[in-house]
Amino acid sequence: MTEVAESPAATAVVAANAVTRRYGQGDTAVDALRGIDLEIERGLLTAVMGPSGSGKSTLMHILAGLDKPTSGKVFVAGTDITRLDDTALTKLRREHIGFVFQFFNLLPMLTAEENVTLPLSIAGEKAERAWTDELLGKLGLSDRRTHRPSELSGGQQQRVAIARALISRPTVMFADEPTGNLDSQTSEEILALVRESVEDYGQTTVMVTHDAHAAAIADRVLLLADGLIVRELPRTSPDAVLTALAEIGT
């Protein structure tokens with residue numbers, strides 16, 4: 001893949017430059033990432049796929065500032081996050097990054113609406129009522145806003161998680177296997193919502209997935225193997241994604 005410039009292009013909201021990640025030392029060291037160069041353009045949905053152990057989750061965590069690379073640089077909204085201390089990194093994540101986890105990660109004692117607005121509450125900010133109402137309505141949660149997670153289905157909990165990721169209008173939303181814990185019908189509904197957030201709000205999104213149907217909604221599909229990006233596809237069909245995966249030997 002073409003190496004990105006030292007500073008990312010103006011259209012790139014997230015970029016990686018020669019990023020590596022090594023776990024352990026000596027003979028037992030494992031290289032999860034072996035030199036990733038990548039730019040994520042504004043307003044697009046990028047899917048990241050690869051077999052178990054290919055480095056896709058490690059890459060997402062490093063791009064989102066949840067882990068640090070062994071070497072290389074990562075830019076978010078033009079800032080080299082590898083140079084930030086913990087306080088500054090936390091502030092940047094709060095302002096620029098939304099994250100959707102596979103297992104929802106909702107707080108059980110809070111209502112759906114309180115979980116959605118939690119990032120703003122932690123930042124000492126007040127949620128805009130009109131924006132909160134719009135998100136809850138868009139995600140089909142208007143009549144579930146006072147329910148606690150235990151009173152919601154898996155699909156409804158993931159909708160809450162997506163709304164929580166969007167509430168601060170982040171520069172980029174990361175979704176780590178967002179349908180991995182859901183049945184096929186619910187997965188389709190969640191993927192439609194992820195796609196709509198890109199179409200309706202211009203929400204830049206990076207999604208790690210093992211599902212070719214999920215990857216097929218993306219504007220761009222990156223295939224990882226052995227810690228490297230080995231192939232890139234434009235928006236395409238699930239069958240084309242599966243064929244490409246087979247060709248790289250996954």
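Scroll up for the structure.
Predicted, not measured: the structure shown is a model, and the values here were computed from it. (Residues numbered from 1 in each chain as written. Predicted model: local features only at pLDDT ≥ 70, side-chain atom pairs only at ≥ 80, totals over all residues. Heavy atoms only, no water.)

## Describing the sheet that holds strand 3 (residues 45-49)
Pairing between the strands of a sheet comes from backbone hydrogen bonds, and it takes one of two forms, parallel or antiparallel.
Here comes step 1: Strand order across the open sheet formed by six strands is 6-7-8-3-9-10, with mixed pairing between neighbours. The two strands at the open ends of the sheet, each matched to only one other strand, are strand 6 (97-100) and strand 10 (228-234). Between one strand and the next, the sheet's axes are offset by a mean angle of 20°, whatever the strand orientation.
Here comes step 2: For strand 6 and strand 7 (residues 172-176), the ladder comprises four bridges, and the chain directions are parallel. Bridged to F99 within strand 7 is F174. (Pairing = 2+ DSSP bridges. Helix = DSSP H or I, 4+ residues; strand = E, 2+ residues; numbered from the N terminus. Axes fitted to C-alpha atoms, helices over the stretch in contact; angles between N-to-C directions.)

## A few points about the layout of surface pockets
Here comes step 1: By volume, the largest pocket amounts to about 690 Å³.
Here comes step 2: R93, R94, I97, P119 and S168 are, among the 28 residues lining the largest pocket, the residues nearest its centre.
Here comes step 3: Take the lining of the largest pocket: its biggest share by element is five residues, from helix 2 (residues 86-96).
Here comes step 4: The class makeup of the residues in the lining of the largest pocket is 15 nonpolar, four polar and nine charged. (1 Å grid on protein atoms, 1.4 Å probe; cavity = no way out; pocket = protein on both sides within 12 Å on 5 of 7 lines; lining within 4 Å. Points joined across faces, edges and corners; volume = space filled by probe spheres on them. Nonpolar A, V, L, I, M, F, W, Y, C, P; charged D, E, K, R; others polar.)

## Observations regarding the packing of helix 4 (residues 129-138) against helix 6 (residues 184-201)
Here comes step 1: For the pair helix 4 and helix 6, the least separation of the axes is 12 Å and the interaxial angle reads 135°. Judged by the inter-axis angle, helix 4 sits oblique to helix 6. Counting all contacts with helix 4, which are made through W131, E134, L135 and K138, the residues of helix 6 involved are L193, E196, D200 and Y201. (Parallel < 35°, antiparallel > 145°, perpendicular 65-115°, else oblique. Contact = heavy atoms within 4.5 Å.)

## Considerations on the environment of V198
Here comes step 1: Mapping V198 onto the fold places it in helix 6.
Here comes step 2: As for V198 and L44, which are separated by 154 residues in sequence, their C-alpha atoms are 6.6 Å apart.
Here comes step 3: For V198, the contacting residues outside a window of four places in its chain are G43, L44, L45, Q203, T205 and D219.

## Quick word on the sheet that holds strand 1 (residues 12-23)
Here comes step 1: With antiparallel pairing, four strands are arranged side by side in an open sheet as 2-1-4-5. Sheet topology places strand 2 (30-41) and strand 5 (79-80) at the edges, where each strand pairs with a single neighbour.
Here comes step 2: Direction of pairing for strand 1 relative to strand 4 (residues 71-76): antiparallel, over a ladder of five bridges. Residue A16 lies in a different strand from strand 4, and its bridge partner there is V74.
Here comes step 3: The strands touched by helix 1 (residues 56-63) are strand 1, strand 2 and strand 4; relative to strand 2, the strand with the most contacts, the crossing angle is about 55°.

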